[in-house]
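# Chain and residue survey
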Amino acid sequence: MKIIRELESLKAERAGLKGSVGFVPTMGALHRGHLSLIRKAKEENDHVVVSVYVNPTQFLPGEDLDRYPRREESDRKICETAGVDLLFMPKTEELYHEDEVALKAPAYLGYILEGNRRPGHFDGVVQVVMKLFGLVQPTRAYFGKKDAQQLRILQKMQEDFFIPVAIVPVDTVREEDGLALSSRNAYLSPLERRQALLISKALKRASKMVMTGERSVSRIKKEMMETMAPIEVEYVEIVNRDFRPLSQIELQNSIILVAAKVGKTRLIDNIWL
Ligand code: AMP
């Protein structure tokens, strides 16, 4: 595996990769969730490129940019073991320019839910992913359904800009007890870790309700809020695949999304029905 920090080296190495290239963009502190994306990329492509870059433009002032976990050594080992060809760790000075062209996330999709709580977050996401796509020129790019709204926005970006890449969604990987894996779980104290479990518990409860015939969004939301009463819920929303709110569950076309704060840590999770 080659570790690449300079754009010139990335371009040279990329030019040497023949056949299909699977790309997994990450912010590092890699866990089994990331690994599942890498494995899928490995199965479906001749080569795999992983980027590790904590992108400053997707953090709002006052968010956790400075304390976001950085674990270069273990990221390197995980990628090496998984058979990654290129591990790309770009530097901000090279990636961003002065007075550059700035993309904007879609006016609706980019500013509801996560985008409402974190206005401008998805502008930063589309900006960095567009850059990385231009550099890596992947055949396929892998994104987790854990970040459902991000995934939808990047699918839109691919469609809207006719980018010749296939966006591949990957299922959420969870701990045995249900907690969705996230680099931010590292912030949780043992007590908070137990409280965080209420998020996946509420989603499981919702999924059971739907399985037993419940279709009313308001009743499902109410039950979920009760389950999560001990934590600070920012939103529970049930939307269709285009993120339009639903009043009745539509099977194969609904996503239940939760954002909640456990202590100081903000967590998101969802299920696709
Ligand atoms: P991040 O490093 O948090 O920016 O995540 C990089 C990629 O990994 C994104 O496409 C995420 O959606 C995906 N990802 C993060 N956590 C998980 C998980 N638990 N299961 C599957 N994919 C995940």
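### Points about the domain arrangement of the protein chain
- Split into domains, the protein chain comes out as domain 1 (2-170) and domain 2 (188-266).
- For domain 1 versus domain 2, the distance between C-alpha centres works out to 27 Å.
- Taken together, the contact pairs ten residues of domain 1 with eleven residues of domain 2.
- Summed over both sides, the interface between domain 1 and domain 2 buries roughly 990 Å², with carbon and sulfur atoms accounting for 57% of that surface.
- On the domain 1 side of the contact with domain 2, Tyr108, Leu113 and Arg117 bury the most area, a combined 51% of that side's loss.
- Our count for the contact surface shared by domain 1 and domain 2 stands at three salt bridges.
- Across the pair Glu234 and Arg117 runs a salt bridge whose closest N-O atoms are separated by 3.9 Å.

### So, the packing of helix α6 (residues 121-136) against helix α7 (residues 148-160)
- α7 packs onto α6 with a crossing angle of 55° between their chain directions and a minimal axis gap of 11 Å. In terms of orientation, α6 and α7 fall into the oblique class. Note that α6 runs across α7; the crossing there is right-handed. Across the interface between the two elements, Phe122, Val125, Val126, Val129, Met130 and Phe133 from α6 touch Gln149, Gln150, Ile153, Leu154 and Met157 from α7.

### Topic: the sheet that holds strand β6 (residues 166-170)
- One open sheet accounts for six strands, arranged β1-β4-β3-β2-β5-β6; its pairing is parallel. Looking at strand neighbours, the two that pair on one side only are β1 (2-4) and β6, the edges of this open sheet. Averaged over all adjacent pairs, the angle separating strand axes in this sheet is 25°, with direction ignored.
- On top of the sheet, helix α1 (residues 7-15) reaches β1, β2 (21-26) and β4 (86-88); it is set at about 155° to β4, its chief contact.
- Together, β2, β3 (47-52), β5 (140-144) and β6 form the strand contacts of helix α2 (residues 32-44), whose direction differs from that of β5 by roughly 155°.

About the cut-offs
- Residues numbered from 1 in each chain as written.
- Predicted model: local features only at pLDDT ≥ 70, side-chain atom pairs only at ≥ 80, totals over all residues.
- Heavy atoms only, no water.
- Domains from an automatic or database assignment.
- Contact = heavy atoms within 4.5 Å.
- Buried area = accessible area lost by both parts, 1.4 Å probe.
- Salt bridge = Lys/Arg side-chain N within 4 Å of Asp/Glu carboxyl O.
- Axes fitted to C-alpha atoms, helices over the stretch in contact; angles between N-to-C directions.
- Helix = DSSP H or I, 4+ residues; strand = E, 2+ residues; numbered from the N terminus.
- Parallel < 35°, antiparallel > 145°, perpendicular 65-115°, else oblique.
- Left-handed = near helix turned anticlockwise from the far one by under 90°.
- Pairing = 2+ DSSP bridges.

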